[in-house]
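Results of the structural survey
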Amino acid sequence: MKNFIYILLILTFPKIVLANELNLDKTNLYVITPQAIVYQTSITNSQPSLNFNLPKDKHGGTPGWPDFKIIRWNKTISTYLDENRNNKFSDFHLLKNNVKIDGIKTYETSGTGIVVADFVGGGSAQGNVKTHAFILDFNSYIISCSMTSGTKDHEKHISTLKELCFSIHSKVE
């Protein structure tokens, strides 16, 4: 009788949902959204993607940076690396090529650049940005999991990027 009551309590204990699992369209890949960021449904790309930002601030606005993206690209890893190495507007570096995410060979990259903004009412501004990415190599296509931030905020949010990217996992459907 004691065993029966114990089992009954386990079966009726409510499930606790700790994270939000999302599917990257046109793939069998899923990601778990870290608590520090929110999924953005209003951002679209020409490639299948998932986009994330920090939560709204106390004034109701969503900070533009850092932004986090997971994108499926119809290109090979060598094409991706060549395009970024040849970009004269960015300082691109391949950091590691021996990382694995969900058993998939992954490349870690980083780059810095300058963003220029022109304002409708006149004037302009520029800022330094840093991009950090993990690129999963599927041979015929790649998945990039990246963060773009101001150079001063990069280290503050790198752990959230790693939490997001290393949560990528496949499911057989």
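Computed from a predicted structure; not experimentally measured.

Conventions we followed
Residues numbered from 1 in each chain as written. Predicted model: local features only at pLDDT ≥ 70, side-chain atom pairs only at ≥ 80, totals over all residues. Heavy atoms only, no water. Pairing = 2+ DSSP bridges. Helix = DSSP H or I, 4+ residues; strand = E, 2+ residues; numbered from the N terminus. Phe/Tyr/Trp six-rings, centres within 6.5 Å; stacked < 30°, edge-to-face > 60°. Buried < 20%, exposed > 50% of the residue type's maximum accessible area, 1.4 Å probe, protein only. Lys NZ or Arg CZ within 6 Å of the ring centre and 35° of its normal.

1. Thoughts on the sheet that holds strand β1 (residues 20-23)
Sheet strands pair by backbone hydrogen bonding; their relative direction is either parallel or antiparallel. If you trace the 3 strands from one edge of the open sheet to the other, you get β1-β2-β10, paired in antiparallel fashion. For this open sheet the edge positions go to β1 and β10 (169-170), each flanked by a neighbour on one side alone. Bridge count for β1 against strand β2 (residues 29-33) is 4 bridges, and the pairing is antiparallel. By the bridge assignment, Leu22 is partnered in β2 with Val31.

2. Quick notes on the packing of aromatic side chains
Two measures describe an aromatic ring pair: the distance that separates the ring centres and the angle between the ring planes. Here the structure, examined in full by the defined rule, presents 3 aromatic pairs. Ring geometry for Tyr39 versus Phe52: centroids 5.8 Å apart, planes at 55°, classification tilted. Within this pair, whereas Tyr39 is found in strand β3 (residues 38-39), its partner Phe52 is found in strand β4 (residues 49-53), the two being separated by 13 residues in sequence. On the basis of relative accessibility, which here comes to 34%, the residue Tyr39 falls in the partly exposed class. Between Phe134 and Phe166 the ring centres are 5.3 Å apart and the planes differ by 75°, which places this aromatic pair in the edge-to-face class. One end of the pair, Phe134, is in strand β8 (residues 124-137); the other, Phe166, is in the loop between α3 (154-165) and β10, with 32 residues separating them in the sequence. Taking relative accessible area as the criterion, Phe134 reaches 1% and is therefore assigned buried. Positioned above the aromatic ring of Trp73 is the side chain of Lys75, whose terminal nitrogen or guanidinium carbon lies 5.0 Å from the ring centre. Positioned above the aromatic ring of Tyr30 is the side chain of Lys171, whose terminal nitrogen or guanidinium carbon lies 4.6 Å from the ring centre.

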